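Fold and geometry: a report
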Amino acid sequence: MLQARASQSVNAEADENKERYIGVYRWMLLSRVLEEKLSSLYRGGKITGGVFLGRGQEALSASLGTALRKGDIFAPLIRDMAGRLAFGETVLNAVRTYLGSRLGPMRGRDGNIHRGEPARGYYAMISHLGAMVSSVAGGLFARRLRGETGVVGATCVGEGATSTGSFHEGLNMAAVEKLPLVVIVANNQYAYSTVNARQYACADLVQRAAGYGVPGYKIDGTDPSACIEVVHEAVARARAGEGPQMVVADLLRLVGHGEHDDFNYMSHALKVSPIGRDSLDVARDQLTAAGWATLAQLDAMRDQAAAEVEEACGTAIREPLPDPNTEDWCAIHTRRLAEGNQL
Amino acid sequence: MFQNQPTTRASAAITYLEAIRAAQHKLLTDDPRVFIYGQDIADFGGAFKATKGLAKEFPGRVLDSPISEDAQVGMAIGAAIEGMRPIIEMQFADFSTCGYTQIVQHAATLHWRTGVPCPIVIRLPSGGTAGAGPFHSQSMEALYAHYPGIVVMTPATVEDAYTMLLEAVEIDDPVIFCEHKYLYYHLKADALPTVALPTGKARVARPGRDATIATYSAMVHESLACAAELAKEGWEIEVIDLRSVKPLDTDTILASVSRTGRLLAVGEAFPWGGVTAEIVARVATEGFDLLDAPPMRLNAKDTPVPYHPNLWGTHRPTATSIVAAMRRLLKA
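None of these values were measured; they are calculated from a predicted model.

The subject of this paragraph is the overall build of chain B. Secondary structure summary: chain B contains 12 helices and 14 strands in total. Expected size for 332 residues packed as a compact globule is a radius of gyration near 20 Å; at 19 Å, chain B falls within 12% of this value. A principal-axis box enclosing the C-alpha atoms of chain B has dimensions of 60 × 45 × 40 Å. The buried share among the 332 residues of chain B stands at 64%. Counted over contacts in chain B with a minimum sequence separation of 6, partners at least 24 positions apart contribute 82%. Accessible surface computed for chain B: about 11800 Å², of which carbon and sulfur atoms make up 57%. Of the charged side chains in chain B, 29 are positive and 36 negative, and the gap between their average positions amounts to 4 Å.

Once that is clear, we can look at the interface of chain A and chain B. Between chain A and chain B, the contact holds 44 residues from the first and 45 residues from the second. Inspection of the region where chain A meets chain B yields four salt bridges. Among the salt bridges present, the one from Arg113 of chain B reaches Asp110 of chain A, with a minimum N-O distance of 2.7 Å. In this assembly, chain A and chain B are joined by 22 residue pairs in polar contact (both at pLDDT 80 or more).

Moving on, we get to helix α12 (residues 319-331) of chain B. Residues and elements named next belong to chain B. In this model α12 runs 18 Å from its N-terminal to its C-terminal C-alpha over 13 residues, within 8% of the 18 Å that 1.5 Å per residue would give. Regarding α12, the residues found buried are Ala319, Ile322, Val323, Ala325, Met326, Leu329 and Leu330. End-on view of α12: buried residues confined to an arc of 170°, all on one side of the axis. For α12, the exposed residues set more than 90 degrees away from the buried face come down to Arg328 and Lys331. Elements in contact with the buried residues of α12: β10 (211-215), α8 (219-231), β11 (237-241), β13 (263-266) and β14 (296-298).

This part takes up the pattern of salt bridges. All chains considered together, the criterion is met by 39 salt bridges over all chains. Residues Arg85 of chain B and Asp172 of chain B are paired through a salt bridge, measuring 2.7 Å at the closest nitrogen-oxygen approach. Note that Arg85 of chain B is positioned in strand β4 (residues 85-89) and Asp172 of chain B in the loop between α6 (158-170) and β7 (175-180), a separation of 87 residues in sequence. The class for Arg85 of chain B is buried, based on a relative accessible area of 9%. Through salt bridges with shared partners, one network takes in Arg143, Arg146 and Glu148 of chain A together with Glu82 of chain B.

What follows concerns the domain arrangement of chain B. All names here are of chain B. As assigned here, chain B comprises domain 1 (14-189) and domain 2 (203-331). The gap between the C-alpha centroids of domain 1 and domain 2 is 26 Å. Every contact between the two is made by 31 residues of domain 1 and, on the other side, 24 residues of domain 2. When the two sides are added together, the surface that domain 1 and domain 2 hide from each other amounts to roughly 2000 Å², 60% of it contributed by carbon and sulfur. When residues of domain 1 are sorted by the area they lose upon contact with domain 2, Glu141, Thr154 and Ala156 head the list and together hold 21% of the total. Our count for the domain 1 to domain 2 interface comes out at one salt bridge. A salt bridge links Asp160 to Arg243, with the nearest nitrogen and oxygen atoms 2.9 Å apart. Inspection of the region where domain 1 meets domain 2 yields 11 residue pairs in polar contact (both at pLDDT 80 or more). Counting only elements with at least two residues in the side of domain 1 that touches domain 2, the list comes to α5 (141-145), β6 (151-153), α6 and α7 (181-186). Partitioned by chemical class, the residues of the side of domain 1 that touches domain 2 number 17 nonpolar, 12 polar and two charged.

What counts, and where the lines are drawn
- Residues numbered from 1 in each chain as written.
- Chains lettered and ligands numbered in written order.
- Predicted model: local features only at pLDDT ≥ 70, side-chain atom pairs only at ≥ 80, totals over all residues.
- Heavy atoms only, no water.
- Helix = DSSP H or I, 4+ residues; strand = E, 2+ residues; numbered from the N terminus.
- Rg over C-alpha atoms; globule rule 2.2 N^0.38 Å.
- Buried < 20%, exposed > 50% of the residue type's maximum accessible area, 1.4 Å probe, protein only.
- Contact = heavy atoms within 4.5 Å.
- Areas by Shrake-Rupley, 256 points an atom, 1.4 Å probe, with all protein chains shown as cover.
- Lys, Arg positive; Asp, Glu negative; His and termini not counted.
- Charge placed at Lys NZ, Arg CZ, Asp CG, Glu CD.
- Salt bridge = Lys/Arg side-chain N within 4 Å of Asp/Glu carboxyl O.
- Polar contact = N/O pair within 3.5 Å; in protein donor to acceptor, adjacent residues only side chain to side chain.
- Expected span 1.5 Å × (residues − 1).
- Arc of directions from axis to C-beta.
- Domains from an automatic or database assignment.
- Buried area = accessible area lost by both parts, 1.4 Å probe.
- Nonpolar A, V, L, I, M, F, W, Y, C, P; charged D, E, K, R; others polar.

What follows is the structure, given as structure tokens:
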């Protein structure tokens, strides 16, 4: 009897893991398919401004996006398409921002990865790296002042951002306040073109967690099952009141900094090293090896994602663009204090 | 000669600094969204005691921050997104450059980019005092006014220090509140006001017909002393207290210049660009025909703010140097 119960619970846990993994994979795949489309739109001249892809970072990003709940706070960085979608951004709103649609969340006023919907906790990053760490902490501080519990805030940075003063100030301040903040560091080996040896001198960035007095986790960012397990645990600990958590994932950016960058400086040695793996390939292998999905099922998921992306692009490309003549050229909310624009 | 004698009244009870503390007390009392975050502001009460006793009376809402101006402002932005009304105290205006990115890149752009307002107030203890030196004396208003999306207040009176800080917290946009350290203790009023001009409206601090001085913050008092000195010779100098430099009340300046025909813009900040340059540019472009003489500017010298009183007293404009400038303008 006891044995039967135990085995039922093992089965239930296995089912839960399977469901969670497939959920993560779905966002990874949707992100990849969407970004491939954005890349081709960019190459076709349909997108003005930069296109920055998360290729190689999908497992990490989707793990975070699925660990967060509605009502949490999330400030993604430039390679977090998967996390953004998992946190509730629609494919349509993502595409609208790239195409400059007036109906998108940024209305043509800002583009690409700077998008967000802060009214629902999805903060819009600025380009100044590390800046969102303290802002997410501030959002969490506000929630705590209002007596809300069980909320988590998360932000993503790369190894480059860990060199900024903003990152240091933000994480230190969050640690002092013991806020439920999760900081994900995607150590993708390149900050634009700068290699790690020119970025930091400690043996491993996860060592820095101890300096802030926060738990640090180290993972292989190309391994989806490790990403899911560790990121979900870090988020759960923050939610349980254990203060800030810092996760460092080793992986390789599989594309240039942006689509304008041919990445001719990429190290072949890194490409053929374990962190050069594509997490989507790893996920396919893990899912099929566990018997959780067949290749045919995974292919069907890709077709479904492609259809969703095509539909969103077809919609967004027909939408109205911003119009300088009807644009509201007022930068402040308190209109009576607007200076007006000089001729 | 006037620099140690700003406008004071013998029977006065409330200082400019006390007005700022009183405004924050009222805000914390009336509005549960308000909290204050800054260095040494909790039990210690702040470097200037602008938050004295508030941490005890409002536990959990007046908090010491690490020495992290960038994170202080970033934190306020996040809290504002979530509906709070944070007040950030910079220990000295000079140190706000460490938080400049968050202020001008993040707070100032948030509403325009996302449609979500960013109601934060950043208090900058501004301007020079004798002995304070290069890093505890600066006037930063132009640096912030330059950016779209920010309101910059520069109160010159006890009354404005109180009512404008109350209004600053109500405003749905980032407000840089430049409170002048020299006025903290020197300036006194009998009572806190109950009514106020709205932000964006300048005040005629002293009416006159011969020339206009457009100025703000501590320089209002130096300019009033200049006007009093020249009145002995029969000159009637009009002094405009701008109250806020963004928005800048161009209409009131132009109306004054239309009466006087002469303009001297006075500011304590460094001379390159800045508020006085903006005033002169606006009057020259929008009111050139009103002018009987070329408009003039008087600012601090183009060096860092010096430490020793002998140098500092000459570095910034004073009643003496404003009188000298005004004599040139009146002869022009």
